[in-house]
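Chain by chain, the residues:
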Amino acid sequence: MMKKKKVLKFLRFFELKWYHYLLILRMNWEQMSQPAKKSKAEGYQGFKLSKSSKNEIETINLDEPIVTKEWFFQNYIKPRKPVLIKYNANSEKFRLKTENFRPDTLIKTLGDEGDLLQVEELSKGGFGSGHDRLKLSLGDFLGRIKNGESLYLTTQYEENDPKIAENNTEEGEEDDDDHDDNDDDEGEGHGYAGFEKIDENASDVDEFGDVDDFEDDYKDEFADELLGDDSNDINIIYQPPLTNLLDDKLESLPPHATEITESLVPQQINLWCGRTPAETPQLEIGLNDAGSVKNVNNGLSQANATSTGLHHDHADNLYILVQGKKRFTLFSPDFAYYLYTTGDVRDIYHTGVIDYVVNEKAKSWINVRADGGCLDSKCEIGGDQKTEQSNGERQAPPSFCRIPPSLLHLNELDEPKRVALEKYALECFPLFVPYKDQSIQITLEDGDLLYLPAGWFHEVTSYGDKTNDNIHVALNYWFVPPDGESVNSPYTDPIWEEDFRKWKDLYL
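Given the structure is predicted, the values throughout are model-derived calculations rather than measurements.

Novice: Just checking my understanding: could you explain the overall build of the chain for this structure?
Specialist: A count of helices and strands for the chain gives eight helices and 19 strands. Within the span of the chain, comprising 508 residues, buried residues form 57% of the whole. In the form shown here, the chain has an accessible surface area of approximately 22,000 Å², with 47% of it arising from carbon and sulfur atoms.

Structure follows, in structure tokens:
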């Protein structure tokens, strides 16, 4: 028996060595056949992860005297460098109370009025696999996750999105349609700083609800006179159900949670809330007739954990974990050509913003510039890249990666699965394999903040906690990516700061 085990171990070792040899040949061929792609990454001049040594993230304390708006801009925002942010209890520099956004206090903070919310059901190992969304009130949603359903409240879409389902089915009934695993949004952030109003677009599906038709119940004649005809076009920034705070309740969640981001223009503020499935691991591996891996879903090998999938945003992100535990796996924007994005990368700007080629993979994409705004002078700055539609289904946005989340965490697998998925990775994602261990992995606990510049790839694993009914809650701010040189001139186009001034005139 021992001899047999040694022989099998030797054969696995030999097989992997053989695939590494094939990988080298394949990588050389792919890089020779696409020489122009690598040079475009030179446009990104920000902080880059090492491709040969271990990477770590810095941690700062918000309450240290040195941590000011000017210092933070020069050390993190301008260099495009992510950072973990902590703060002291009763901090005067952190402006919101996270306890107001826990499941037991959300109704008191936000109320239960307004339109029904769009809610995702768990499917194929994660949230956002193309299934129709439920429409629930905030109270109904909270009640159902407290009763054990794995549901997820993410960014809200426009009302006519074909994937939004009227909630007229029996509770717990599941949609049996078969969709691709990466078809949709999931989890923490795919923001587009530059898009609020453009029609006829396709892009990241986890970004934006349609705020253009929002009727401002709080405007009065003075505001209309003050702002003129432009007031109806102002981005309201706060997404449902946070829109309920616009009625003189913004002290609960101000447009800047801390002074250090005040140089940036907020584009969107979101609430994320969901329940992880505690029963079984969500990872599923499909095998072909020969016993080799043919497909892998978006699940993870651990029970009580779900993944967003690897993707990047087009906006700077300040992420605030209210309740739960989340692991972020990060790659800098210059890794884009090794991470198998759904779309074909057209350019990577110095800000980290990644633009995509308009082709069959992104038919309705609108090319963007360094600050996330629309590149085409004929389209309106500040438009909304909407979801690509195909036969009524949302398709994967170009900024999503095709690499299954489990390949980012092979160390968590038992040996047979790990060996099988290593072989699968070498066959399907050879450019990624040499760099799979170069990511930063950072775990956020209750109250932690993470600043993540635009274009940084991230996969987010959400963990349940039985003491909190496996429910996790987060808030995030998306900001327009700054393309300027100083804290006093963060943007070369004045439109962003002009629009934010109008917003403040209207709501503050």
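Novice: Quick question: what am I supposed to make of the packing of aromatic side chains here?
Specialist: When we look at a pair of aromatic rings, we describe it by the centre distance and by the angle of the planes. Enumeration over the complete set of coordinates arrives at 19 aromatic pairs. Between Phe 72 and Tyr 451, the ring centres sit 5.4 Å apart and the planes meet at 70 degrees, which makes this aromatic pair edge-to-face. Of the two residues, Phe 72 sits in helix H3 (residues 69-77) while Tyr 451 sits in strand E17 (residues 449-452), which places them 379 residues apart along the sequence. Per residue, the accessibility class of Phe 72 equals that of Tyr 451, and both read buried.

Novice: Help me understand unusual backbone geometry, please; the structure alone is not making it clear to me.
Specialist: Glycine aside, residues mostly have negative phi angles, and peptide bonds mostly take the trans form. Note that the residue after Pro 240, namely Pro 241, is joined by a cis bond; omega there is 0 degrees. Here Pro 241 is to be found in the loop between helix H6 (221-227) and strand E6 (266-275). A positive phi is found at Asp 248, a non-glycine position, where the angle reads about 60 degrees. By the secondary structure assignment, Asp 248 is in the loop between H6 and E6. In this structure, Asn 470 takes a positive phi of about 60 degrees despite not being glycine. By relative accessible area, which is 5% here, Asn 470 ends up buried.

Novice: Please explain H3 as it appears in this structure.
Specialist: Along an α-helix, residues three or four apart share an orientation, since each turn contains 3.6 residues. Considered for burial, the residues of H3 that qualify are Phe 72, Phe 73, Tyr 76 and Ile 77. Projected onto a plane normal to the axis of H3, the buried residues spread over an arc of 110 degrees and lie on a single side. Packing partners of the buried residues in H3 comprise strand E1 (58-61), strand E2 (83-86) and E17.

Novice: I'm lost on the pairing of E2 in this one. Help?
Specialist: Two faces make up the sheet, and in a regular strand the side chains alternate between them. Relative to E2, E1 runs parallel, the two sharing four bridges. Across the sheet, residue Glu 58 finds its bridge partner in E2, namely Val 83. The parallel pair E1 and E2 is bridged by H3, and the resulting crossover is right-handed. When E2 meets E17, the two strands line up antiparallel, connected through three bridges. Residue pairing for E17: Ile 85 is matched across the bridge by Leu 449.

Novice: Help me understand the sheet that holds strand E16 (residues 440-444), please; the structure alone is not making it clear to me.
Specialist: Hydrogen bonding along the main chain pairs the strands of a sheet, whether they run parallel or antiparallel. As summarised here, the arrangement of the four strands in space is E9-E18-E11-E16, forming an open sheet in which the pairing is antiparallel. Looking at strand neighbours, the two that pair on one side only are strand E9 (305-307) and E16, the edges of this open sheet. Strand-to-strand, the axes of this sheet are offset by a mean angle of 20 degrees, without reference to chain direction. Here strand E11 (residues 325-331) pairs with E16 via five bridges, running antiparallel. Its bridge partner lying in E16, Thr 329 is registered against Gln 441.

Novice: Teacher, can you tell me more about the pattern of salt bridges here?
Specialist: In this structure the tally under the stated criterion is 19 salt bridges. Its salt-bridge partner being Arg 369, residue Asp 493 comes within 2.6 Å of it at the nearest N-O pair. With Asp 493 in the loop between strand E19 (471-479) and helix H8 (495-507) and Arg 369 in the loop between strand E13 (354-356) and strand E14 (389-390), this residue pair connects regions lying 124 residues apart in the sequence. Exposure remark for Arg 369: the relative accessible area of 21% places this residue in the partly exposed category.

Novice: What's the story with the side chain of Asp 493 in this structure? I'm lost.
Specialist: Here the side chain of Asp 493 touches Arg 369 through a polar contact of 2.6 Å, side chain to side chain. Separated by 3.0 Å, the side chain of Asp 493 and the backbone nitrogen of Ile 495 make a polar contact. Here Asp 493 is in contact with Arg 369 and Asp 371, once residues within four sequence places are set aside.

Novice: Got a minute to help me understand the sheet that holds strand E10 (residues 316-323) in this structure?
Specialist: Strand order in the open sheet formed by nine strands is E1-E2-E17-E10-E19-E6-E5-E3-E4, with mixed pairing between adjacent strands. The open sheet has two free edges, formed respectively by E1 and strand E4 (134-136), since each of these has just one partner strand. The average undirected angle you get between the axes of adjacent strands in this sheet is 25 degrees. Most of the contacts of H3 go to E1, to which it runs at about 175 degrees, and overall it touches E1, E2 and E17.

Novice: Could you clarify how one ought to interpret the environment of Trp 71 in this entry?
Specialist: Here Trp 71 is to be found in helix H3. With relative accessibility at 21%, the residue Trp 71 sits in the partly exposed group. Along the backbone, Trp 71 and Val 487 are 416 residues apart, and their C-alpha atoms lie at a distance of 9.1 Å. Filtering out sequence-adjacent residues up to four positions away, Trp 71 remains in contact with Ile 60, Ile 66 and Tyr 76.

Novice: Explain the pairing of E10 here, please?
Specialist: Counting buried residues along E10, eight of its eight residues qualify, which places the element largely inside the surrounding structure. The sheet contact formed by E10 and E17 spans four bridges and is antiparallel. Opposite Leu 318, over in E17, you have Tyr 451 as the bridge partner.

Novice: Can you walk me through the confidence of the model for the chain in this structure?
Specialist: Parts of the model with low pLDDT should not have their predicted coordinates read in detail. Residues at a pLDDT of 70 or more form 71% of the chain, whose mean pLDDT is 80. Across residues 19-25 the pLDDT falls below 50, and counting only partners more than four positions away or on other chains, this stretch makes seven contacts in the model. Note on residues 160-187: pLDDT under 50 across the span, and 93 contacts to partners over four residues away in sequence or across chains.

Novice: What is the right way to read the environment of Asn 359 from this model?
Specialist: Following the sequence through the fold, Asn 359 ends up in the loop between E13 and E14. The class of Asn 359 is partly exposed, set by a relative accessible area of 22%.

Conventions we followed
- Residues numbered from 1 in each chain as written.
- Predicted model: local features only at pLDDT ≥ 70, side-chain atom pairs only at ≥ 80, totals over all residues.
- Heavy atoms only, no water.
- Helix = DSSP H or I, 4+ residues; strand = E, 2+ residues; numbered from the N terminus.
- Buried < 20%, exposed > 50% of the residue type's maximum accessible area, 1.4 Å probe, protein only.
- Areas by Shrake-Rupley, 256 points an atom, 1.4 Å probe, with all protein chains shown as cover.
- Phe/Tyr/Trp six-rings, centres within 6.5 Å; stacked < 30°, edge-to-face > 60°.
- Arc of directions from axis to C-beta.
- Contact = heavy atoms within 4.5 Å.
- Pairing = 2+ DSSP bridges.
- Right-handed = clockwise from strand over helix to strand, strands pointing away.
- Axes fitted to C-alpha atoms, helices over the stretch in contact; angles between N-to-C directions.
- Salt bridge = Lys/Arg side-chain N within 4 Å of Asp/Glu carboxyl O.
- Polar contact = N/O pair within 3.5 Å; in protein donor to acceptor, adjacent residues only side chain to side chain.
- pLDDT = per-residue confidence, 0-100.

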